[in-house]
Structure formats: structure tokens, C-alpha cells
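# Breakdown of the fold
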Amino acid sequence: MSKIVVVTGGVVSSLGKGIAAASLGLLLKSRGFRVTIQKLDPYLNIDPGTMSPFQHGEVFVTDDGAETDLDLGHYERFTNASLTRSHNVTAGQVYDSILSRERRGDYLGRTVQVIPHVTDEIKKRILGLGLATEADVLIVEIGGTVGDIESLPFLEAVRQLKLEHRREVVFVHVTLVPFIKAAGEVKTKPTQHSVKELREIGIQADILLCRSEVALDSEVREKIALFCNVPTEAVIAATDVKSIYEVPLVFHEGGLDDLVVEMLGLPDKGVMPPDLSAWQSFEARVTRPRRQCEIAIVGKYTHVRDAYKSVIEALVHAGSANDARVHLRWVESSEVEARGAAAVLGDVDGILVPGGFGERGIEGKVAAVRHARETGVPFFGLCLGMQVATIEFARSVVGWADANSSEFDPQSEHKVIDLLADQANVTDKGGTMRLGAYRCALRAGSLAARAYGRPEIEERHRHRYELNNKYAQQLTSRGLVLSGKCVGRELIEIVELPDHPWFLAVQFHPELKSRPQDPHPLFRDFVRAALERRVARVGDDNYDSAVERVVEKAEA
Ligand code: GLN
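Read on for a plain summary of the structure. (Residues numbered from 1 in each chain as written. Predicted model: local features only at pLDDT ≥ 70, side-chain atom pairs only at ≥ 80, totals over all residues. Heavy atoms only, no water.)

### Quick look at the packing of aromatic side chains
To describe a pair of aromatic rings, one takes the distance between the centres and the angle between the planes. In plain terms, the rule: Only rings of Phe, Tyr and Trp enter the pairing, Trp through its six-membered ring, and a pair is recorded when the two centres are within 6.5 Å. The plane angle decides the type: under 30 degrees is stacked, over 60 is edge-to-face, the rest tilted. Comment: elements are numbered from the N terminus, with helices defined as DSSP H or I runs of at least four residues and strands as E runs of at least two. Between buried and exposed lies partly exposed: a residue is buried under 20% and exposed over 50% of the maximum accessible area for its type, with that area taken using a 1.4 Å probe on protein chains only.
Summed over the entire model, instances satisfying the criterion amount to 14 aromatic pairs. Ring centres of Phe78 and Trp279 lie 5.1 Å apart, and the angle between their planes is 50°; on these two criteria the pair is classed as tilted. Linking Phe78 in helix α3 (residues 71–79) with Trp279 in helix α11 (residues 277–287), this pair joins segments that are 201 residues apart in sequence. Across the pair, Trp279 and Phe78 agree in class, each one buried. Here the aromatic cluster, defined as three or more aromatic residues joined through ring pairs, consists of Phe54, Tyr301, Tyr308 and Trp330.

Given below as C-alpha cells:
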């Protein structure tokens, strides 16, 4: 069986458990082990697909079309893997399968209970993934915070796993060691309590990852070790860093991978110490770039940065590929509606319109696209961004003033974006969009084909509406280039404008496949075009950390 590392979190949420799990994955992978990472989410939704981005952040879509937790994005980016539906298990899925079995009569005569039925189902999904992936190490992150009522069945399941497979399971607990200004020192009590809470349900943490603002001295680590019943070397400081990409390096310094290898009795794969040089040079380009540009993201959830997690990361990767810092200017589309595109977007080097749902904010996005098209600012549209770009073109260039998507205006005469028959009859909201990876053929010589350097690609989708083929002919005759077509289905996947420095929009979500070691070609070329725009606009694109402080201040 796979060895298992369970990652739990204590004290408060948002401690970066997902990044911690992903970082450990990267370290073990760099030591030659086959690693995979699974997220267990204690909520009752079947998946996050029906939740608002305000509540849950981005929905990360896998190749096989699962709508999953955004932590899977970190896992994929850090371990350079492609994950599946089985990598994200929710309490909703667990109960759903047990209840269907109960109705079928599989438990006839018995009472169905949390222990053993729910816990058995959870264990089956953990062990099953280990078997299916043949991983040497399966990292299992449990969502939520220790002490939540909802996470109890998951913790009970992993407690049993440890009992059944003593030498194969290690518990890593991510906690907070806050610095209290009034006392002038860090406090270990919250960590002690959280570890105690785990112990009360039968789990002894083996390794503590202690998040803190300041470095932890040996005295503090010894104290935590003593009160939490772990060896001092298992108290690893996770001091705040500038970029999430530094975290694996910090953990490696702290000895995390050595400790896990030793505790699990993993065989030496001959890759000791791990080769992190490629990661280090990527990280150095992220934190110490030579160039810079500023890109506006015109969206609707701009106050919830988690809603755009993969877009942000893809721009970091693309920045690194161009040796540049990409400053992000977050623009609410309502602000473009209120103040006008030129006032809000007149001094940026690129404009990106990301995915989204619903009518609110659409006109601001249309205005942003028009500004980009008319003034030559590089433009990149993602999913909804492509639909809006098509609407804008149909209105301003073709001259159909009422052009729209049936999602926003079912009465419009020119529904250039519309539902296809297979979506029109769908009544369920959950899991019914066009989801997951589809192949796409690129038009030779197009901006897209040049960026990818290949005639055919595969990208992930999450949407209901499509460009209406009825209008394809009229749109192209006025200059819109349809440069990507779905293989095997008459669906338009990419539109672009040839008489523009860089104007391209895609029906899929390229951000989901960008990796630090393998930046997405469209994001890379978009940022390159933005850097050129910057040189034309202000004379150079030299990195200036002062700009960063100004942008950060404006954001705060
Ligand atoms: N709302 C649009 C659709 O459903 C776009 C979706 C998206 O941007 N992910 O087609």
C-alpha cells in the first residue's frame, strides 16, 4: 500500500494547509518518490460547483471534468501532476453513495451509522486512490480546522487507518504561533490546545508546521515539543514568506522531507538531497525580476482574490517566463460602467477579462473590451471573457446593437452566445456544464497556433453557453478570426483579431493548466505583449520596486 501523510490544520483557517501539502508533495517528488495528493472536504455539497466564488473561491476543474477545491490547483502546480475526480472527496459524496446503497438494500437488516459505515467509505476512498495511482506516498489533506463538528468522521477515519497500518501513516498538523505585540513575544498556547484537541480524538500529531510572523528560536520550539509530545526536530517553523513558491524551500531547510522519509521508513531512492534547482531559479525570477508591467483584471469578484487563484498564479508563471513582475490592478466591472473605460484603464499595459456567471457587470466588461480593441492594449479573455469579446465585436464592428448572450438577455435578436440543444434541456445545476478537457484544433498561422507551437491542443472547460455558429460567417467576414475549433464538434473555442497587437479570447480555462515549470503559452505571450506595450507607453519596462509599493498601497 501507499504510505500516507495526513495533513490537518488547527487554531484558525487559512493557514495554508493546501500549500503545505503541495510543498511536501514537491519535496518528496524531488527525492524520487511517486507522490499524489488528495483533499477531503467535510462540507455536505457534492462538490464546490454550485457554491458562490464569494464563499468558496475558485472552482478548480480537472481533466476528467470534476469541479473541485482550489487546493487541487496548488497540488497540480507544485507536483506538476494531472489530478482526477478521486482526488477530492466531500462528505456529500460519501453520504450520497452510502444513502444510495441503503435504498438499494445493501445494508438490509442493519442500522447505517457514522462508525463504521461513513468511516469505512472514507477509508476506502483514501486507500483506493493509493492503489489506483500506485503512489509511494499519498498525502491526504483534511479541510477545515480541528474541532469542527463536520470534520470528525474524517479524523476518525484516519485515526483508524493509523491503528490498522501503524508504520504507514504520519500526521502533520499545521498550526499558528501568533506574535502578541503587547507581550513582545510569540505564544504557544493555541498550538498546545489544538494538538490536545487532536489527542482527545485519538490522534497524536507527529510533525508540527508552525506558521508565524517571526522566526521561532530553539527555546520556543523546545517548549512546543515538550507540551505537544513531539521531538524538537519535528517542530518546524513556517515563517511568513513573500511568495508561496518559497514555502517548499523553507520546509526543506527545516528538515520536513528528511523527517517524513525517516518516520515512514521510505527507501532511499538515490535522489538525496532533493534536486530543487529548477524550483529555486523559478522562485528567484518571481521574487527578483528585471522587468515589469501592469495588467488590469476586470471582474466581478475582485475583492475575493481566491476566486481568481489560478489566473493569478498563471500570471506569476508567465511573468517569470518573461523575467517580469506582473502587477495586477483589480477592477470591478461596475467601476468601468460608472467612470468609463478610459478613466479606469487608460494607463495599464494589458487587460484581462476572466470567467464569470450572471448578468451583473457585463456592460463594464464590454466597455473594457471595446477600450482594448480600439486603443491597441493587449487583451486576453477567458471563458466569459471570450463571450463578452464576441458580443462587443458583434455590437461595434458588425453593427448589431442588441447583440448579447441568452444568459444575459434572452430577448435579444442577435444571440451571438447561446445555449446548444444539449444544455437547453438541462434542469439540474450541479455538474451539468461542459466540463473538463476537450481537444481543440488551431488555425495555422494564427496568434494561438504561434503561441502553442502545435496544431492541436487540449484545454479544460467549465461553461454552459457557446458562440452561436449561426453568426460565425458574418463575424468572420467582418474580421474576427475563429482560430480554435473543438475536435469532433462544431464549437468555436478561440477568437482573435489580426489587426491588433495582441487580442485573443478563449472559451476554455487555460489558467488551470499553467505550471511554474511550464508557464502557459497564451499567458506567456499575453504578458510579453503587455511588456512591449509598456515600453511603448512609458519608455522602458525596468523593474522598479517603488511601483510595487504604490500598487500595494492602492490595494490596501
Ligand atoms: N457564464 C458563462 C457560461 O456559462 C461563462 C462561464 C465561465 O466563465 N466559466 O457559459
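### Here we look at the site of the ligand
Condition: Distances are taken per atom, and a residue is near a molecule or strand as soon as one of its heavy atoms is within 4 Å of it. Whenever a nitrogen or oxygen atom comes within 3.5 Å of another N or O atom, the pair is scored as a polar contact, on the condition that within protein one atom can donate a hydrogen and the other can accept it, and that pairs from neighbouring residues in sequence are kept only if both atoms are in side chains. The method behind every accessible area is Shrake-Rupley, applied with a 1.4 Å probe, and residues are considered shielded solely by the protein chains displayed. As a working rule, the residues Ala, Val, Leu, Ile, Met, Phe, Trp, Tyr, Cys and Pro are called nonpolar, Asp, Glu, Lys and Arg charged, and the rest polar, with Gly in that last group.
Close to the ligand lie Gly355, Gly356, Phe357, Cys383, Leu384, Gln387, Glu407, Arg462, His463, Arg464, Tyr465 and His509. For the ligand, an oxygen atom lies 2.9 Å from a polar atom in the backbone of Gly356. Residue Gln387 places a side-chain N or O atom 3.0 Å away from an oxygen atom belonging to the ligand. Its free accessible area being 300 Å², the ligand has 98% of it covered by the protein chains. Of all the secondary-structure elements, those providing two or more residues to the shell around the ligand are α16 (384–398) and β19 (456–463). Here the residues of the shell around the ligand sort into 4 nonpolar, 5 polar and 3 charged.

### Examining the pattern of salt bridges
Filter applied, for reference: Each salt bridge in this description consists of a side-chain nitrogen of Lys or Arg and a carboxyl oxygen of Asp or Glu lying within 4 Å of one another.
In this structure the tally under the stated criterion is 40 salt bridges. Between Lys39 and Asp69 there is a salt bridge, with its nearest N and O atoms 3.0 Å apart. Within this pair, whereas Lys39 is found in strand β2 (residues 35–41), its partner Asp69 is found in the loop between β4 (67–68) and α3, the two being separated by 30 residues in sequence. Residue classification places Lys39 among the buried positions, given a relative accessible area of 5%.

### Focus on the sheet that holds strand β17 (residues 415–419)
The pairing of strands in a sheet comes from backbone hydrogen bonds and takes either a parallel or an antiparallel form. This is how the line gets drawn: Strands qualify as paired when DSSP identifies two bridges or more between them. The contact rule is simple, with two residues in contact once any of their heavy atoms fall within 4.5 Å. As a rule, the C-alpha atoms of each element are fitted with a line to give its axis, helices using only the stretch in contact, and angles between N-to-C directions run from 0 to 180 degrees.
With mixed pairing, the 3 strands of this open sheet are ordered in space as β16-β17-β20. Looking at the sheet topology across the chains shown, the edges are occupied by β16 (404–405) and β20 (465–467). Of the pairings in the sheet, the one linking β16 to β17 comprises 2 bridges and is parallel in character. Among the inter-strand pairings, Asn404 is bridged to a residue of β17, identified as Lys415. In this fold α16 packs onto β16, β17 and β20, with an angle of close to 145° to the strand it touches most, β17.

### Description of helix α1 (residues 17–30)
Stated precisely, the cut-off is as follows: Helix span is expected to be 1.5 Å times the residue number reduced by one.
For α1, with 14 residues, the first-to-last C-alpha span of 20 Å sits near the 20 Å given by 1.5 Å per residue. For α1, the buried fraction is high: 13 of the 14 residues fall into the buried class.

### Focus on the nonpolar core
One recurring pattern in soluble globular proteins is that nonpolar side chains are buried together. How we decide: Put simply, buried Ala, Val, Leu, Ile, Met, Phe, Trp, Tyr and Cys residues joined by side-chain atoms within 4.5 Å make one nonpolar core.
Counting 83 residues, the largest nonpolar core has Val5, Ile126, Ile139, Ile207, Leu209 and Phe251 as its most contacted members. In terms of residues, this core owes the most to one element, α1, which gives 8 residues. Those residues in contact with Val5 that sit more than four places away from it in its chain are Leu24, Val137, Leu138, Ile139, Val140, Val170, Val172, Val260 and Leu264. Listed in part, the 42 residues of the second largest apolar core include Ala296, Val331, Val336 and Ala505.

### Overview of unusual backbone geometry
Generally, phi is negative for residues other than glycine and the peptide bonds are trans, each holding for most cases. A cis amide bond links Ile115 to the next residue, Pro116, at an omega of 10°. Its location among the elements puts Pro116 in helix α5 (residues 114–133).

### Digging into the packing of α11 against helix α12 (residues 309–321)
Cut-off, in case you're wondering: Put simply, angles under 35 degrees are roughly parallel, angles over 145 are roughly antiparallel, angles from 65 to 115 are roughly perpendicular, and the rest are oblique.
Look at α11 against α12: their axes get within 9 Å of each other, and the N-to-C directions meet at 95°. Judged by the inter-axis angle, α11 sits roughly perpendicular to α12. Contacts from Phe282, Arg285 and Val286 of α11 reach α12 at Val316, His317 and Ser320. The residue inventory of the contact of α11 with α12, partitioned by class, reads 3 nonpolar, 2 polar and 1 charged.

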